[in-house]
Amino acid sequence: MKDNKINVELIVPSIGKRYNLFIPVNKTVGEVIVILNKTINEMTGCFPINDSLSLLNVMDCIIYDYKAEIKDTDIKNGSVLALI
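Now for a description of the structure that goes with this document. Residue positions are given per chain, counted from 1 along the sequence in the order it is written. For a predicted model such as this one, the threshold for reporting local features is a pLDDT of at least 70, and the threshold for listing and counting side-chain atom pairs is 80 or more; totals across whole chains, interfaces and linings nevertheless cover every residue. Calculated side-chain values reflect all of the structure's heavy atoms, with hydrogen atoms and water omitted.

As used here, the term nonpolar core means buried Ala, Val, Leu, Ile, Met, Phe, Trp, Tyr and Cys residues forming a set that is joined through side-chain atoms within 4.5 Å. Buried means the residue's accessible area, taken with a 1.4 Å probe over protein chains only, is under 20% of the maximum for its type, while exposed means over 50%, and partly exposed covers the values in between. Within the largest apolar cluster, 22 residues are counted, with the highest numbers of intra-cluster contacts made by Leu10, Ile23, Leu55, Ile75 and Leu83. Broken down by secondary-structure element, the contributors of at least two residues to this core are strand E1 (5-12), strand E2 (17-24), helix H1 (29-44) and strand E5 (80-83). Each helix is a run of H or I in the DSSP string that is no shorter than four residues. Each strand is a run of E no shorter than two, and both are numbered from the N terminus. Looking at this core, the element that brings in the most residues is H1, giving five residues.

To continue, consider the pairing of E5. Burial of the side chains of E5 extends over both faces: Val80 and Ala82 are buried on one face and Leu81 and Leu83 on the other. Only strands joined by at least two bridges in the DSSP assignment are considered to pair. Bridging between E1 and E5 involves three bridges; their strand directions are parallel. Opposite isoleucine 11, over in E5, you have alanine 82 as the bridge partner.

On the basis of which strands lie adjacent, the open sheet formed by five strands has the order E2-E1-E5-E3-E4 and mixed pairing. Since the sheet does not close on itself, it has two edges, and those belong to E2 and strand E4 (62-63), each with one partner. In the sheet, strand E3 (residues 55-57) pairs with E5 via three bridges, with the strands oriented antiparallel. Paired with asparagine 57 across the two strands is leucine 81, which belongs to E5. Across the face of the sheet, H1 comes into contact with E1, E2, E3 and E5 while running at roughly 135 degrees to E2. By definition in these notes, contact holds between two residues if any of their heavy atoms fall within 4.5 Å. To obtain an axis, a line is fitted to C-alpha atoms, over the contacting stretch when the element is a helix, and the angle between two such axes runs from 0 to 180 degrees between their N-to-C directions.

On to H1, then. Relative to the 22 Å expected for 16 residues at 1.5 Å per residue, H1 spans 22 Å between its end C-alpha atoms, a close match to the ideal helical length. Within H1 the residues assigned to the buried category are Val29, Gly30, Val32, Ile33, Leu36, Asn37 and Ile40. End-on, the buried residues of H1 take up no more than an arc of 155 degrees, which puts them together on one face. Buried residues along H1 sit in contact with E1, E2, E3 and E5. The first or second residue beyond H1 is glycine 45, which carries a positive phi of 75 degrees. Expected helix span is taken as 1.5 Å per residue step, with the number of steps being one fewer than the number of residues. The reported arc concerns the directions from the helix axis to the C-beta atoms and nothing else.

Dropping the structure here:
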């Protein structure tokens, strides 16, 4: 595994899907949300581009600040996140 990415499980409740994927640690939460939104839209064709999504830690119900860098949050390998 690379030091600049972490493996997380992403739940997307609005389409009923789960993904295991790598996210970059040197990006902000907002940047990662945009990347995830575009990628899921391209893969499924049914997930609209949305500028009001949030990233939630499923285990402790923390909604992450858009401006926080991933490396400065408690997101780590194996974290379960929801894109809501």
